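Coordinate analysis (summary)
What follows is each chain in one-letter form.
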Amino acid sequence: GKRKRLNSSVLYDSDESEDSDILVRKVFAKRHCVINEDESSQEQQPDKTCPTENVSANRKQKVWTKLKELARQRATRTSCRSENCEDSNGEAEEEPFCHLPLTPTEGSETDSDSLKDFIVDDEEEDGDDNTEHVKSDNTQQKELNASNISRCGPYVHFQRIVKAFLINAIDDTFLSSLYDGTRRKKYAQDMLLSLHYLDDRFIQPRLDNLISRSRWKDRYKERVDCYPDVRIILKNPTNMFCQACELNRYCKFNVLLFGKLYNSRTLEADDFMSDDKQILKVGVVCADRTRVYHNLKHFKYKLYVDCSSVTKLDGVEDEPVKDTVERLFSQLEDTGWILKRYNDLENYMNDADSFQEEK
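Our subject in this report is the structure included herewith.

What counts, and at which threshold
- Residues numbered from 1 in each chain as written.
- Predicted model: local features only at pLDDT ≥ 70, side-chain atom pairs only at ≥ 80, totals over all residues.
- Heavy atoms only, no water.
- Pairing = 2+ DSSP bridges.
- Helix = DSSP H or I, 4+ residues; strand = E, 2+ residues; numbered from the N terminus.
- Axes fitted to C-alpha atoms, helices over the stretch in contact; angles between N-to-C directions.
- Contact = heavy atoms within 4.5 Å.
- Expected span 1.5 Å × (residues − 1).
- Buried < 20%, exposed > 50% of the residue type's maximum accessible area, 1.4 Å probe, protein only.
- Arc of directions from axis to C-beta.
- Parallel < 35°, antiparallel > 145°, perpendicular 65-115°, else oblique.
- Left-handed = near helix turned anticlockwise from the far one by under 90°.
- Nonpolar A, V, L, I, M, F, W, Y, C, P; charged D, E, K, R; others polar.
- Phe/Tyr/Trp six-rings, centres within 6.5 Å; stacked < 30°, edge-to-face > 60°.

**Side note on the sheet that holds strand E5 (residues 277-282)**
Strand pairs in the sheet, formed through backbone hydrogen bonds, run parallel or antiparallel to each other. Taken in spatial order, the three strands line up as E1-E2-E5 in an open sheet, and their pairing is antiparallel. Of all the strands in the sheet, just strand E1 (229-241) and E5 have a single pairing partner and so form its edges. Ignoring which end each strand starts from, the neighbouring axes of this sheet average 20° apart. Helix-sheet contacts for helix H10 (residues 218-226) involve strand E2 (248-258) and E5, and the interaxial angle to E5 is about 135°. On top of the sheet, helix H11 (residues 284-297) reaches E1, E2 and E5; it is set at about 30° to E2, its chief contact.

**Points about helix H14 (residues 337-354)**
Between its first and last C-alpha, H14 extends 26 Å over 18 residues, near the 26 Å set by a 1.5 Å rise per residue. For H14, the full list of buried residues reads Trp337, Ile338, Arg341, Tyr342, Leu345, Met349 and Ala352. What you see down the axis of H14 is that its buried residues fit within an arc of 140°, all on one side. Buried residues in H14 make contact with helix H7 (154-170), helix H9 (186-212), H11, helix H12 (299-314) and helix H13 (321-334).

**Re the packing of H12 against H13**
How two helices sit against one another is set out by the angle between their axes and by the gap between those axes. Packing of H12 against H13 brings their axes to within 11 Å, and their N-to-C directions diverge by 110°. The orientation of H12 relative to H13 falls into the category roughly perpendicular. Our pair here, H12 against H13, has a crossing hand that is right-handed. Here Val310, Thr311 and Asp314 of H12 come into contact with H13, specifically with Thr324, Arg327, Leu328 and Leu332. For the contact of H12 with H13, the per-class residue count stands at three nonpolar, two polar and two charged.

**Notes on the pairing of E1**
Alignment of E1 against E2, held across 10 bridges, turns out to be antiparallel. By the bridge assignment, Leu234 is partnered in E2 with Phe253. Hairpin remark: E1 followed by E2, antiparallel, with six residues in the connecting loop; positive phi at Glu246, about 60°.

**A few points about the environment of Lys217**
Relative to the helices and strands, Lys217 resides in the loop between H9 and H10. Looking at Lys217, the relative accessible area reads 36%, which means it is partly exposed. Sequence separation between Lys217 and Gln243 is 26 residues; the distance between their C-alpha atoms is 8.5 Å. The residues contacting Lys217, other than those within four sequence positions of it, are Ala244, Cys245 and Glu246.

**What to know about the packing of aromatic side chains**
In the structure shown here, the tally under the stated rule is nine aromatic pairs. Aromatic side chains Phe158 and Tyr342 sit 5.5 Å apart centroid to centroid with 65° between the ring planes, which places their arrangement in the edge-to-face category. Residue Phe158 is located in helix H7, and its partner Tyr342 is located in helix H14; the two are separated by 184 residues in the primary sequence. Of the two residues, Phe158 and Tyr342, neither departs from the other in class, the shared state being buried. The interplanar angle of 65° and the centroid separation of 5.1 Å between the aromatic rings of Tyr197 and Phe202 together place this pair among those described as edge-to-face. Phe202 carries the same exposure label as Tyr197, and that label is buried. Here a set of aromatic residues connected by ring pairs shows up, and it is made of Tyr155, Phe158, Phe299, Tyr342 and Tyr348.

**Structural notes on the side chain of Thr311**
Tracing the backbone shows Thr311 in helix H12. The buried category is assigned to Thr311, whose relative accessible area is 17%. Discounting chain neighbours no more than four positions away, the residues touching Thr311 are Leu166, Ala169, Ile170 and Leu328.

**Description of the packing of H9 against H14**
Between H9 and H14, the least distance of the axes is 9 Å, while the angle of their chain directions is 30°. Seen from above, H9 lies across H14 with left-handed handedness. Contacts from Leu198, Phe202, Arg206 and Leu210 of H9 reach H14 at Leu345, Met349, Ala352 and Asp353. Here the contact of H9 with H14 is composed, by residue class, of six nonpolar, no polar and two charged.

**Observations regarding unusual backbone geometry**
A positive phi is found at Glu246, a non-glycine position, where the angle reads about 60°. Mapping Glu246 onto the fold places it in the loop between E1 and E2. For Leu267, which is not glycine, the phi torsion reads 60° and is therefore positive. Residue position: Leu267 is located in the loop between strand E3 (261-262) and strand E4 (269-270).

**A few points about the environment of Leu198**
Along the chain, Leu198 turns up in helix H9. The exposure class of Leu198 is buried, given its relative accessible area of 2%. Separated by 40 residues in the primary sequence, Leu198 and Phe158 place their C-alpha atoms 7.8 Å from one another. If we ignore the near neighbours within four places in the chain, the residues touching Leu198 are Ile161, Ile203, Lys300 and Leu345.

What follows is the structure, given as structure tokens:
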């Protein structure tokens, strides 16, 4: 009798283990879900007298009930997910463990994780809308400025700048009123746009490139920026430290810097220490770079000085400013004076673009 009971228990355990192996293999094949509750209960009660078929049927019934509950919860969330649930229900009749987790808690966590990337809070949406609105306004403003610039060529911008300088030579408050936003008429806004075009598109990028590729010290650059006039004089070569880059070179050029300091926007000159001069000994490369850099840096001021000289030589009095500017501008255009100044600017830009990097 004991042997029979022992054999029956062994057969019972082996049957149960086979069922559990089948179930575990199915779960691990797709969802990596592990069933512990029923197996642990079976291991703790090896002497249970109910048949194996009834135990596995009850367990499958419980799992099937949970699967139905999870399928119903998923169907209520999104229509897309509900369609997937219908497909899984059809397959679950054969392999109920392969598609959904076993407990509602696990299923809810899986669903929430899968939908995290698609759910956005209302506050976050509002913030994103406001940010996008601000960005769109800035982008539209930039596109508008770019479209205004692209409507006319560089020479048209240059002509506007010449007119602005002629006006300021007669009325010295014109440029300052442009930059502080006092003048709002279209012709004034076009002139301001052209001034920014000259600085931001033509001159400043090339100046930055010349400085970034050199070994100039900040003190030397500041001196070249401050003095609007320069003379580069050839002298006897001397083996010494270059006063521009402070490297040991055969320095055979004297750079003479002089002229009045001026405001880069209003172009108003400052009479403080107007006779001050600087003489610096530099090498060949630094002397050539100084010439190219100085021509571009102070081109706008030199153009304004030339326009001021034209208005002083005119000698016509008691004439409206607009008429005087139009008359002088027509004369400069007819004689080729404006075109010559524009060609000078193009040559300076070409020199800066073709300047070789210092060895």
